[in-house]
Amino acid sequence: MPASYPLHLDVRGRAVLVVGGGPVAARRAHGLADAGAAVRVVAPWACEEITDDPRLALLRRAWTEADLDDVWLVHTATGDPGTDAAVAAAAEARRLWCVRADAAEASAAWTPGVVRRGDVTVSVTAGGDPRRALRLRGALAAALDSGSLPLRRTRPGAGHVALVGGGPGDPGLITTRGRALLAQADVVVVDRLAPRALLAELDPDVEVVEAGKAPHAHTLSQADIDALLVERARAGLRVVRLKGGDPYVLGRGGEEALACVAAGVTVEVVPGVTSAVAVPAAAGIPITHRGIARAFTVVSLHDAEVDWTSLAALDATLVLLMGVGRLAEAATCLIRAGRRSSTPVAVVEEGTTARQRTTLATLADVAAVAAARGVRSPAVVVVGDVVPLAEALGPSAAATPIVLAAHGSPDPRHAAVVRALVEDLRADGHDASVGWLDHEQPALCLAVSAAGPRAVVVPLLLADGHHARVDVAGAAGTARVAEVLVPDPGTPDERVLRVLHDRLRESGADAARGVVLAAAGSRGVAHAATCDGVAAALAARLGVPVRTAYASVSPSVADAVHGLRAAGVVGPLALAPLILAPGRLSDQVRSQAEAAGVSFLAEPLGRHPALRDLLLARARAAR
Ligand code: SAH
């Protein structure tokens, strides 16, 4: 192909001649008419696409040179090379541009492949290879739709609001239109439940406004949000209101649209995949499975009186949104209103995200089971006989629930660390929960039964002993139990050492000449061997002597310090608690260490990625 000069033409109201009556001529004629040209088609015979389009002036005859007299542009697509060549030559003689459909290389002009998205137009030509141009055009269209191209306007224009349904949370479940609008936005006003991963793709200078953080803790009132949308659009900005699910399903999108309309601001609504349907699907629940249910009803339990009698009477799967806080009430009322107490119920938390978790129960026990599993909002509750299909179709069919068995302590700092570890596991997509031996709820036995028969119990205990062998094993029943974190005979895992090392470093202990490893302590010989094993491995890793000490039995921290000094250690010492979480025990060893003149006091193990990895390794090994 020769070098060419791309140009866009304003053909509105201008006469253009199309010679030919077949499908190719029809396509050209339609494109020209779409752009507003006054199209004259000359052909002895014309296909329906031409005869049926009232915008085209059709002359049913052979073309003549006079047809070129008053036109701006010529297209010839007769299917006959001789005719096309003659039309092109006549146009050439009059210095008119002519596009030849039959022979690109002999043509004076070409029509490109075109992609239009909003006010963006992309034209593609590809060396006279129409199929190649077509494929390129398709790829460009897909890229524009995916929002991956920088579509944002850099010159001011008319402001605009788009209420975009972002789907239930997975960034892949937004519509292509939603994505393209997001890529063009100057301002994004986002909900907590919207697909937040998409925010990472925005230009750094796009204004992101958080509209809601948590239930009952809105950062902006609805009136504030409405006012903000209107104000930004009036300032000439493109505003995307990114909402979870569908904007008009229990999402107050209607109010926002009305506020825009009332203010005379252009508003577009882009539907989304609602969590009411998508979250059950993600959990493997077809809400209308043939032969089981032919209807479903979506109800919000937020701040509203519910007519349980009518709801229970419906021959439909019930889908309850915003229902976690009223689960017990819902179950009791539905049973009282006539639903079987054995009706299956699923509670699906954070559907379609990496943290998705399904809890299966019945109306009779769902409140207790959900409490034992620590079920939290956002969740979709599904009530009906379609629920058990999740066993076969749900992703959790393959995953093993993990129940951490924690000691419990009257000190809230202890429970906070344990819950943080559970969160870490869940953030990695694991079905994790916690059961307690003491002080906290739910009791381990309850957590194990709530997690179901496939659960693995992982003791959050540093060493083997009475708790592990008697209490955990007893509460676990028939569930599998994993090894403790530092099993006998004291071959410590690399990950335990890494956590100890990090905690020492954080306390500034790099300069320490010796370390006291302080554990809770028990009278068991095995426990002492475990701790000594950790001390030896830590000494090898740090290159300084490490002595064990116990909070409640001897040797005490003071004994260990004395031992280090007696062995000739001079210079500052450090304390490394072999204790899971802050609490009475760690406070005790820290004050003992301070009294004994230890310079660096490391924190207990606490939340650490290596600890999470170790818990997972223990769970895997027990499967
Ligand atoms: N417009 C949204 C619903 C907003 S109401 C939609 O169409 O999906 C908020 C409720 O939706 C939450 O309380 C919860 O019940 C449900 N929800 C939204 N996203 C969810 C998710 N990813 N997992 C579970 N429930 C979700």
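It should be noted that the structure appears before, not after, this text.
Residues numbered from 1 in each chain as written. Predicted model: local features only at pLDDT ≥ 70, side-chain atom pairs only at ≥ 80, totals over all residues. Heavy atoms only, no water.

K.L.:
Whenever I open this one, the overall build of the protein confuses me. Can you help?
P.N.:
Across its full length, the protein holds 20 helices and 25 strands. In summary, the protein has a C-alpha radius of gyration of 36 Å against a globular reference of 25 Å for 623 residues, an excess of more than 25%. By its C-alpha atoms, the protein is 115 × 70 × 45 Å across when sized along the principal axes. When the 623 residues of the protein are sorted by exposure, 49% land in the buried category. Across the protein, the fraction of contacts at a sequence separation of at least 24, relative to all contacts at a separation of at least 6, is 65%. (Helix = DSSP H or I, 4+ residues; strand = E, 2+ residues; numbered from the N terminus. Rg over C-alpha atoms; globule rule 2.2 N^0.38 Å. Buried < 20%, exposed > 50% of the residue type's maximum accessible area, 1.4 Å probe, protein only. Contact = heavy atoms within 4.5 Å.)

K.L.:
Explain the pattern of salt bridges to me, please; I cannot follow it from the model alone.
P.N.:
Pairs may arise between side chains of opposite charge once their charged atoms sit close together. The final tally for this structure, using the stated rule, is 40 salt bridges. Across the pair Asp 191 and Lys 243 runs a salt bridge whose closest N-O atoms are separated by 4.0 Å. Taken as a pair, Asp 191 in the loop between strand 9 (187–190) and strand 10 (207–210) and Lys 243 in strand 11 (residues 238–243) lie far apart in primary sequence, 52 residues in all. Residue Asp 191 shares its accessibility class with Lys 243, and that shared class is buried. (Salt bridge = Lys/Arg side-chain N within 4 Å of Asp/Glu carboxyl O.)

K.L.:
What should I look at first to understand the site of the ligand in this one?
P.N.:
Around the ligand sit 18 residues in total, of which Val 249, Thr 274, Ser 275, Gly 351 and Ala 379 are the nearest. A distance of 3.1 Å separates a nitrogen atom of the ligand from a polar atom in the backbone of Gly 244. In the model, an oxygen atom of the ligand is placed 2.9 Å from a nitrogen or oxygen of the Met 322 main chain. Here the ligand loses 92% of its free accessible area of 540 Å² to cover by the protein chains. If you list the elements that add at least two residues to the shell around the ligand, you get helix 8 (275–282) and strand 17 (379–383). Across the shell around the ligand, the residue classes tally to 11 nonpolar, five polar and two charged. (Near = heavy atom within 4 Å. Polar contact = N/O pair within 3.5 Å; in protein donor to acceptor, adjacent residues only side chain to side chain. Areas by Shrake-Rupley, 256 points an atom, 1.4 Å probe, with all protein chains shown as cover. Nonpolar A, V, L, I, M, F, W, Y, C, P; charged D, E, K, R; others polar.)

K.L.:
What is the right way to look at the packing of helix 6 (residues 222–234) against helix 7 (residues 253–262) in this model?
P.N.:
The geometry of a pair of packed helices is captured by two quantities: the angle between their axes and the separation between those axes. Relative to each other, helix 6 and helix 7 sit at 45 degrees, their axes nearing to 9 Å. As summarised for this structure, helix 6 and helix 7 are arranged oblique, according to the angle between their axes. Where helix 6 crosses over helix 7, the two elements pack in a sense that is right-handed. Residues Gln 222, Ile 225, Asp 226, Leu 229 and Val 230 of helix 6 pack against Glu 255, Glu 256, Ala 259 and Cys 260 of helix 7. (Axes fitted to C-alpha atoms, helices over the stretch in contact; angles between N-to-C directions. Parallel < 35°, antiparallel > 145°, perpendicular 65-115°, else oblique. Left-handed = near helix turned anticlockwise from the far one by under 90°.)

K.L.:
It is not clear to me how the sheet that holds strand 10 should be interpreted in this structure. Could you clarify?
P.N.:
In a beta sheet, neighbouring strands pair by backbone hydrogen bonds and run either parallel or antiparallel. Spatially, five strands are ordered 10-9-11-8-12 in an open sheet, and the strand pairing comes out parallel. Both edges of this open sheet fall to strand 10 and strand 12 (267–270), since each of them pairs with a single strand only. Strand-to-strand twist across the sheet, computed as the mean angle between neighbouring axes with direction ignored, equals 15 degrees. Most of the contacts of helix 6 go to strand 11, to which it runs at about 150 degrees, and overall it touches strand 8 (160–165), strand 9, strand 10 and strand 11. Packed onto the sheet, helix 7 meets strand 8, strand 11 and strand 12 and runs at close to 170 degrees relative to strand 8. (Pairing = 2+ DSSP bridges.)

K.L.:
Help me out: how do you make sense of the side chain of Arg 326 in this one?
P.N.:
Within the element layout of this structure, Arg 326 appears in the loop between strand 14 (317–321) and helix 10 (327–336). Here Arg 326 falls in the buried class, since its relative accessible area comes to 18%. Apart from the residues lying within four places of it in its own chain, the contact partners of Arg 326 are Leu 301, Asp 303, Ala 304 and Val 306.

K.L.:
Just to check I follow, could you spell out the packing of aromatic side chains for this structure?
P.N.:
As enumerated under the stated definition, the model contains zero aromatic pairs in all. The residue whose ring lies beneath Arg 14 is Trp 72, and the NZ or CZ to ring-centre distance is 4.3 Å. (Phe/Tyr/Trp six-rings, centres within 6.5 Å; stacked < 30°, edge-to-face > 60°. Lys NZ or Arg CZ within 6 Å of the ring centre and 35° of its normal.)

K.L.:
Even after reading the chapter, I still don't get helix 1 (residues 23–34), so can you show me in this structure?
P.N.:
Note on helix geometry: an α-helix contains 3.6 residues per turn, so any two residues three or four positions apart are oriented the same way. Relative to the 16 Å expected for 12 residues at 1.5 Å per residue, helix 1 spans 16 Å between its end C-alpha atoms, a close match to the ideal helical length. Lining the buried residues of helix 1 we find strand 1 (15–19), strand 2 (38–42), helix 2 (48–51), strand 3 (56–59) and strand 4 (73–76). Looking one or two residues beyond helix 1, the residue adopting positive phi is Gly 36, at roughly 95 degrees. (Expected span 1.5 Å × (residues − 1).)

K.L.:
What is the right way to read a nonpolar patch on the surface from this model?
P.N.:
A cluster of nonpolar side chains, contributed by Val 249, Leu 250, Val 277, Phe 296, Val 298 and Met 322, occupies part of the molecular surface with about 440 Å² of accessible area. Looking at where Val 298 falls in the secondary structure, it is placed in strand 13 (residues 296–300). (Patch = residues over 30% accessible without salt bridge, like charges linked within 9 Å, V, L, I, M, F, W, Y side chains within 5 Å.)

K.L.:
Sorry, what's going on with the environment of Asp 431 here?
P.N.:
Here Asp 431 is to be found in the loop between helix 13 (412–427) and strand 19 (432–436). Separated by 76 residues in the primary sequence, Asp 431 and Arg 355 place their C-alpha atoms 7.9 Å from one another. Dropping the residues within four chain positions of it, Asp 431 is found in contact with Arg 357, Arg 373, Thr 400, Pro 401 and Ile 402. At a separation of 3.2 Å, a polar atom in the side chain of Asp 431 contacts the side chain of Arg 373.

K.L.:
Would you explain unusual backbone geometry in this entry?
P.N.:
With the exception of glycine, most residues fall at negative phi, and the peptide bonds are largely trans. That bond from Ser 377 to Pro 378 is cis: its omega, 0 degrees, falls within 30 degrees of zero. Cis peptide bonds are those with omega within 30 degrees of zero, and the linkage from Ser 554 to Pro 555 qualifies with 0 degrees. Take Pro 555: it is sitting in the loop between strand 23 (546–550) and helix 18 (557–566). Its identity is not glycine, yet Glu 350 carries a phi of approximately 45 degrees, on the positive side. Phi angles above zero are rare outside glycine, and His 439 is one such case at about 70 degrees.

K.L.:
I tried to follow the sheet that holds strand 23 on my own but got confused; where do I start?
P.N.:
On the basis of which strands lie adjacent, the open sheet formed by four strands has the order 23-22-24-25 and parallel pairing. Both outer strands of the open sheet, strand 23 and strand 25 (600–601), are each paired with one neighbouring strand and no more. Strand contacts of helix 17 (residues 525–542): strand 22 (514–519), strand 23 and strand 24 (573–578), with the helix running at about 150 degrees to strand 23, the strand carrying the most contacts. Its contacts with the sheet place helix 18 against strand 22, strand 23 and strand 24, and it is angled at close to 155 degrees to strand 22.

K.L.:
Is there a simple way to explain the nonpolar core in this structure?
P.N.:
Across soluble globular proteins, nonpolar side chains show a tendency to be buried alongside one another. Counting 53 residues, the largest nonpolar core has Leu 404, Leu 460, Leu 500, Leu 517 and Leu 578 as the members making the most contacts within it. Not counting residues up to four positions away in its chain, the partners in contact with Leu 500 are Leu 517, Val 534, Leu 538, Ala 576, Pro 577, Leu 578 and Leu 605. One finds Trp 308, Ala 361, Ala 379 and Val 383 within the second-largest nonpolar core, a separate group that totals 26 residues. (Core = buried A, V, L, I, M, F, W, Y, C linked by side-chain atoms within 4.5 Å.)

K.L.:
Sorry if this is basic, but what is going on with the environment of Arg 12 here?
P.N.:
With respect to the helices and strands, Arg 12 occurs in the segment before strand 1. Those residues within four positions of Arg 12 in sequence are excluded, and the remaining contacts are Ala 35, Gly 36 and Ala 37. In this structure the side chain of Arg 12 is engaged in a polar contact, spanning 2.9 Å, whose partner is the side chain of Asp 10.

K.L.:
Before we go on, may I ask you to explain the pairing of strand 8 in this structure?
P.N.:
Successive residues of a regular strand alternate their side chains across the two faces of the sheet. Counting buried positions over the six residues of strand 8 gives six, a clear majority of the element. Alternating positions in strand 8 separate into two faces, His 160, Ala 162 and Val 164 on one and Val 161, Leu 163 and Gly 165 on the other, with burial throughout. Direction of pairing for strand 8 relative to strand 11: parallel, over a ladder of six bridges. Looking at strand 11, one finds that Val 161 is bridged to Val 239. Bridge count between strand 8 and strand 12: four bridges; the pairing is parallel.

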